[in-house]
Amino acid sequence: MTGTWAIALHGGAGAIAARAYQQEEEHMAALLDRGAAMLAKGMSALDVVVAMAGALEASGLHVAGKGAAPNAAGVVELDASVMDGATRMAGAVAALRGFISPVRVARGVMENTPHVLLVGEGASRFAAEQGFERVDDPKTYYVPAASGLPGPESGSGTIGAVALDTSGKLAAATSTGGLHGKMPGRVGDTPIIGAGCWADQRAAVSCTGLGEYFMRVNAAADVSARIAYAGQTLESAAAAVIEDVRGLGGYGGLIAVDAAGNVTSPFASQGMKRGLANSRGLREVKTFQ
Ligand code: ASP
């Protein structure tokens, strides 16, 4: 036990400057304190990121889980992923229909199958066999978090959690409804290990933004690669990755923690709902700069 822990949460980079996010920030602050207390008590980073991501999904305040919006065919299809840095085990689901917590199903894929990613019908069948909680009626369960708002960035959102535990282990989780009105079957970066989610012995990363760009820069894994191969700090590695996304014409942000307890949350978008804390006294909840 090192005594050092760190945590970061995000509620998506689709925040728009014209709107206030007080409710989202209050919820995130309470959750951040809960996550910090869990880590301080010695809980594993993996358990904490799944608990945090599950609560963000259930809140209906972000475009993930309950807050997700339907695709162009009127169907809610959700993507999620989880990665355990110590073992480099990972699990993900894409275009999952009808389950309350895609991130918990992603953990199920990691722990109870030899696979990393299950999609569509196969993912739903697995979730049903494993007894994950179903959505009774999609028409009443989902309350799209940002629908009806103007501007391209408001049409998307994601939630994520990254953590370093007191055993020095890192984990990351990401979950999304993707883009509002997306093509049926469209899958973004969120369930793609290395793009929207990554954890190893150096860093844990969760991304949000226009997923096509995050896939094209292999964003989440590149943060760790820059630390390993270029000797960059967590902060400069994460900033460089977001600059890469922006340079290609994309938008978005990420949250990341490293094995020393550093935390960073760069974004190139109007805002990104986020909460950051560590055992050195950092505690910050913000949406804009
Ligand atoms: N990255 C997500 C996706 O492309 C959306 C978002 O984070 O806003 O599906």
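One can find the structure itself at the top, above this paragraph.
Residues numbered from 1 in each chain as written. Predicted model: local features only at pLDDT ≥ 70, side-chain atom pairs only at ≥ 80, totals over all residues. Heavy atoms only, no water.

## What about the environment of leucine 282?
- Tracing the sequence through the fold places leucine 282 in the loop between strand 12 (274–278) and strand 13 (283–286).
- Overall, the relative accessible area of 29% leaves leucine 282 in the partly exposed class.
- Residues leucine 282 and valine 263 lie 19 residues apart in sequence; the distance between their C-alpha atoms is 8.9 Å.
- With sequence-adjacent residues up to four places away left out, leucine 282 is seen in contact with Val263, Leu276 and Ala277. (Helix = DSSP H or I, 4+ residues; strand = E, 2+ residues; numbered from the N terminus. Buried < 20%, exposed > 50% of the residue type's maximum accessible area, 1.4 Å probe, protein only. Contact = heavy atoms within 4.5 Å.)

## Observations concerning the pattern of salt bridges
- The final tally for this structure, using the stated rule, is 10 salt bridges.
- The partner of arginine 283 in a salt bridge is aspartate 33, with the nearest N and O atoms 2.7 Å apart. Of this pair, arginine 283 sits in strand 13 while aspartate 33 sits in helix 1 (residues 22–40), and the two are 250 residues apart along the sequence.
- A salt bridge links glutamate 243 to arginine 246, with the shortest nitrogen-to-oxygen separation between them at 2.5 Å. Within this pair, glutamate 243 and its partner arginine 246 are both found in helix 8 (residues 234–247), separated by three residues, close to a single helical turn.
- Taken together, the shared-partner salt bridges connect Asp47, Arg107 and Glu111 into one network. (Salt bridge = Lys/Arg side-chain N within 4 Å of Asp/Glu carboxyl O.)

## Section: the site of the ligand
- Taken together, 12 residues are adjacent to the ligand, and Thr158, Arg186, Asp189, Thr208 and Gly209 come closest.
- Contact between the ligand and arginine 186: an oxygen atom at 2.7 Å from a side-chain N or O atom of the residue.
- The contact in question runs from an oxygen atom of the ligand to an N or O atom on the side chain of threonine 208, over 2.7 Å.
- If the ligand stood free it would expose 270 Å²; the protein chains cover 100% of that surface.
- Broken down by secondary-structure element, the contributors of at least two residues to the shell around the ligand are strand 5 (156–164), strand 6 (170–179) and strand 8 (203–209).
- In terms of residues, the shell around the ligand owes the most to one element, strand 5, which gives three residues.
- Here the shell around the ligand is composed, by residue class, of no nonpolar, 10 polar and two charged. (Near = heavy atom within 4 Å. Polar contact = N/O pair within 3.5 Å; in protein donor to acceptor, adjacent residues only side chain to side chain. Areas by Shrake-Rupley, 256 points an atom, 1.4 Å probe, with all protein chains shown as cover. Nonpolar A, V, L, I, M, F, W, Y, C, P; charged D, E, K, R; others polar.)

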